[in-house]
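Descriptive analysis of the structure
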Amino acid sequence: MTAEPAHIVDRAIDWHMRQADMDDQEWHAFVAWLEEDPAHARAFDAVALDMALLVDHPELYPADPVVAPIEVPIVASPRRRVWAWAGGGVAVAAAACLTLVLVPAGGGPAPYAIETKPGQRQDIALNDGTRIELNGASRLVLDHNNPRVATLDSGEATFHVHHDVGAPFTVRSGAQVVQDVGTVFNVERDGKRLDVQVAEGSVLLQPQREAVALRAGAAATVHEDVGSIVLSKVDVAKVGAWRSGAITFTGEPFGRVASAVNRIDGVTLSIDASLSQRPFSGMVRLTGTAARDVPHLAALVGAEWHHDGERWSISPN
C-alpha cells in the first residue's frame, strides 16, 4: 500500500492522541476530517493499529526486526464513538476500536475459531490478502494449514476475497458451500437458514453439486430444513450493510430482526409469536443503543416495547 503523505499521518496521530478527551464538537470535526478524503481514514486506521500493536506487543519491535508472514486477526477493544447522520438527526453508532492480535501462519492448532460476543465486531486479515468482517454473536473457523477455507458456524460475515484461480476461496456453513470467483459477498447463518448476497464479482453456491452462480446484485436464501433455495436480487450497496448498522428486509418475518439487534446492539430481544411471522419490508439503521432501536422497531409495526432491566421485548398493543 502506498504510504500516505506525512502531513496526513501527523494529523491522524494528533486525532488519535486526543480521542480520550474530545467533546461532542471535536467528535463532529473528527468525523468530518475522516470523510474529507479516503486517505484520512486510511491513515487514521493505520495509526490506530500501529499504536495498539506498540502498546500491547513491544516485543515485536526489536532493534533488528525479523519480518515473517503472519495472519492478522483484529479484535475489538473498547468502543469509540462514531457519528452517523440519518433521518435529519444525529445518532451515535456503535463502532469498535480495533487492536491487533497476531497469529503466526502455521502456528498453533491448524483449525482455530474466532468468536464475537453480541454487539462486538471483528476484522480479520489473512496473509493471502483476503479480509473478513465478522458481525457480533458470530463464530468463524479458519485453518492455518489451508487459509483458503473458512467455516461460518453461526452469525454473519462479509468476505473481501483475494482471488486466486488456482486456489478458490471456499466458505462452508452447515451443509452449504460457497466458492468465490473474485468477490465481495456476505454470508449469514441463522439456524437452518443461510443467506448469501454478492456485492462484487460472483460466487458458486454448492460448486460440487448442481452449482448456482450468483453474480453481483444476486442473492440466495437456503432453507436447509425444507431443502429449498430461493433466488432474488439485492442492491449491491446494501450488501453487508450491517457494517454501518443498517438491516434490510423484504417481506421477511419480523422475528428475524431479533438476531440483527442481538448482533449489533448486543442485547436480547424477544418478539411475540403473533408478530414474529408478520411480513416486514424496509431498511432500519440501528444506532447500537437498544434504548433507541427497540422503541423505533416497535413503532414500525405498531407494537409496544418493554424492558425489564435486562431483556427487551416487543408485543402487540
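Described below are features of the structure shown in this document. (Residues numbered from 1 in each chain as written. Predicted model: local features only at pLDDT ≥ 70, side-chain atom pairs only at ≥ 80, totals over all residues. Heavy atoms only, no water.)

Another point: unusual backbone geometry. Of note, the phi angle at Ala137 is positive, near 50°, even though the residue is not glycine. Looking at where Ala137 falls in the secondary structure, it is placed in the loop between strand 6 (131-134) and strand 7 (139-143). (Helix = DSSP H or I, 4+ residues; strand = E, 2+ residues; numbered from the N terminus.)

What follows is about the sheet that holds strand 21 (residues 312-316). The three strands lie next to each other as 18-21-20, forming an open sheet whose pairing is mixed. Edge positions in the open sheet fall to strand 18 (269-271) and strand 20 (303-307), since each of these has one partner strand only. With direction set aside, neighbouring strand axes in the sheet form an average angle of 20°. In this structure, strand 20 lies alongside strand 21, joined through five bridges in antiparallel fashion. By the bridge assignment, Glu304 is partnered in strand 21 with Ser315. Across the sheet, helix 6 (residues 290-300) touches strand 18, strand 20 and strand 21, and the angle it forms with strand 21 is around 15°. (Pairing = 2+ DSSP bridges. Axes fitted to C-alpha atoms, helices over the stretch in contact; angles between N-to-C directions. Contact = heavy atoms within 4.5 Å.)

This paragraph deals with the pairing of strand 13 (residues 202-205). The sheet contact formed by strand 10 (residues 176-180) and strand 13 spans three bridges and is antiparallel. Across the sheet, Val178 pairs through a bridge with Leu205, a residue of strand 13. Relative to strand 14 (residues 212-215), strand 13 runs antiparallel, the two sharing four bridges. Within the sheet, the bridge partner assigned to Ser202 lies in strand 14 and is Arg215. The antiparallel pairing of strand 13 with strand 14 creates a hairpin that spans six residues between the two strands, and Gln206 there sits at a positive phi of about 60°.

With that out of the way, let us pick up the pattern of salt bridges. Per the counting criterion, the structure on display carries 15 salt bridges. Here Arg263 makes a salt bridge to Glu156, at a shortest N to O gap of 3.6 Å. Placement of Arg263 in helix 4 (residues 257-265) and of Glu156 in strand 8 (residues 149-160) is noted, with a sequence separation of 107 residues between them. Glu252 is the salt-bridge partner of Arg193, the closest N and O atoms lying 2.6 Å from each other. A residue pair is termed long-range when its members are at least 10 positions apart, and Arg193 in strand 12 (residues 193-200) and Glu252 in strand 17 (residues 246-253) qualify at 59 residues. Taking relative accessible area as the criterion, Arg193 reaches 13% and is therefore assigned buried. On the basis of relative accessibility, which here comes to 16%, the residue Glu252 falls in the buried class. One network of salt bridges, with partners in common, ties together Glu156, Glu188, Asp190, Arg193, Asp195, Glu252, Arg256 and Arg263. (Salt bridge = Lys/Arg side-chain N within 4 Å of Asp/Glu carboxyl O. Buried < 20%, exposed > 50% of the residue type's maximum accessible area, 1.4 Å probe, protein only.)

Between the first and last C-alpha of helix 1 (residues 6-18) there are 19 Å, a value that for 13 residues agrees with the 18 Å anticipated at 1.5 Å per step. All of the buried residues in helix 1 are Ile8, Ala12 and Trp15. Along the axis of helix 1, the buried positions cluster into a sector of 60°, meaning they face one direction only. Facing away from the buried side of helix 1, by more than 90 degrees, are the exposed residues Ala6, His7, Asp10 and Met17. (Expected span 1.5 Å × (residues − 1). Arc of directions from axis to C-beta.)

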